[in-house]
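# Coordinate analysis (summary)
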Amino acid sequence: MYPSAPDHEKYAGDQDQYYIPGQVPALSPHGAARGYAPPYVVSTVRSARHVGGEWSTGLCHCCDDPANCLITFFCPCITFGQIAEIVDQGSSSCAQKGTCYGILLSTTALACLYSCFYRSKLRGQYDLEEAPCVDCLVHFCCATCALCQEYRELKNRGFDMGIGWEANMERQRRGVVQLTQAPIPAQGMTR
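All of the points below concern the structure found in this document. Numbering of residues starts from 1 in every chain and runs along the sequence as written. Given that this is a predicted model, residues contribute local features only at a pLDDT of at least 70 and side-chain atom pairs are listed and counted only at 80 or more, while totals for whole chains, interfaces and linings are drawn from all residues. The basis for every side-chain value is the complete set of non-hydrogen atoms in the structure, without hydrogens or water.

### Observations concerning the state of the cysteines
Here is the rule we go by: In this description, the term disulfide denotes a pair of cysteine sulfurs within 2.5 Å. In this text, helices come from DSSP runs of H or I with a minimum length of four residues, and strands from runs of E with a minimum of two, each type numbered from the N-terminal end. Note on exposure labels: buried denotes an accessible area under 20% of the residue type's maximum, exposed denotes more than 50%, and partly exposed covers the range between, all computed with a 1.4 Å probe on protein chains only.
Tallying each qualifying case throughout the model produces one disulfide. Shown here is the disulfide that connects Cys 116 with Cys 136, its sulfur atoms set 2.4 Å apart. Of this pair, Cys 116 sits in helix H6 (residues 111–126) while Cys 136 is found in helix H7 (residues 135–141), placing the two residues 20 residues apart along the sequence. Taking the relative accessible area as the measure of exposure, Cys 116 reaches 6% and is therefore buried. Cysteine Cys 62 is unpaired, with the sulfur of Cys 145 as its nearest cysteine sulfur at 3.5 Å. For Cys 62, a relative accessible area of 9% puts it in the buried group. Take Cys 75: it sits in no disulfide, and the sulfur closest to it among the cysteines is that of Cys 77, at 3.1 Å. Looking at Cys 75, the relative accessible area reads 27%, which means it is partly exposed.

Quick look at the structure:
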């Protein structure tokens, strides 16, 4: 499974003969050299177009939607219920999920675990990155900001959060198109 000799000793004699610049040797399961494979390169350059894995707004951009920010600050169960109904695709109502969240919030410290489950589910549906850190930590440290961000994400993808899943599907059937990809966020400052 592991090579018997260190790589620098194994390849020292025939390095000049088989070396191709920009490539590294690949090992067979028995540790013997077999051809060359290109190196693994991680690109950190992002294109100007919107990448599918990015959130449409940042975690701390709560004031982008001041009305939702106030509602979420004073009664997060309403915002959570709206998010949960859309993420569950109508299998549960806003009132049901909002009530469960409200009970968990007022009686235990488990509301952040409940809401982080829905954040993970939302990320899975829209292929969003787990940023700025893991979902449970985001909801544990910044539950209000996380709920606002999730609300804005669904709103930016074409959902009218105030009318629920069924009414959104009816709008879609009538021809009001909902976005499958969030709009491209503004790049830098403009005049």
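### Topic: a nonpolar patch on the surface
Basically, it comes down to this: Patch members must show over 30% relative accessible area and no salt bridge, and they are joined within 9 Å when carrying like charges or within 5 Å when they are nonpolar side chains of Val, Leu, Ile, Met, Phe, Trp or Tyr. Exposure was quantified through the Shrake-Rupley algorithm and a 1.4 Å probe, taking into account, for residues, occlusion by the shown protein chains and nothing else. Any Lys or Arg side-chain nitrogen found within 4 Å of a carboxyl oxygen on Asp or Glu counts as a salt bridge.
Residues Leu 70, Phe 73 and Phe 74 make up a contiguous nonpolar surface patch of about 400 Å² in total accessible area. On the secondary structure map, Phe 73 appears in helix H3 (residues 66–74). Accessibility expressed as a relative area gives 56% for Phe 73, which makes it exposed.

### What to know about the side chain of Ser 56
Using the following cut-off: As used in this structure description, the phrase polar contact means that two N or O atoms lie within 3.5 Å; if the pair is within protein, one of them must be able to donate a hydrogen and the other to accept it, and residues adjacent in sequence are counted only when both atoms belong to side chains.
Along the chain, Ser 56 falls in the loop between strand E2 (33–37) and H3. For Ser 56, the side chain forms a polar contact with the side chain of Asn 156, separated by 2.9 Å.

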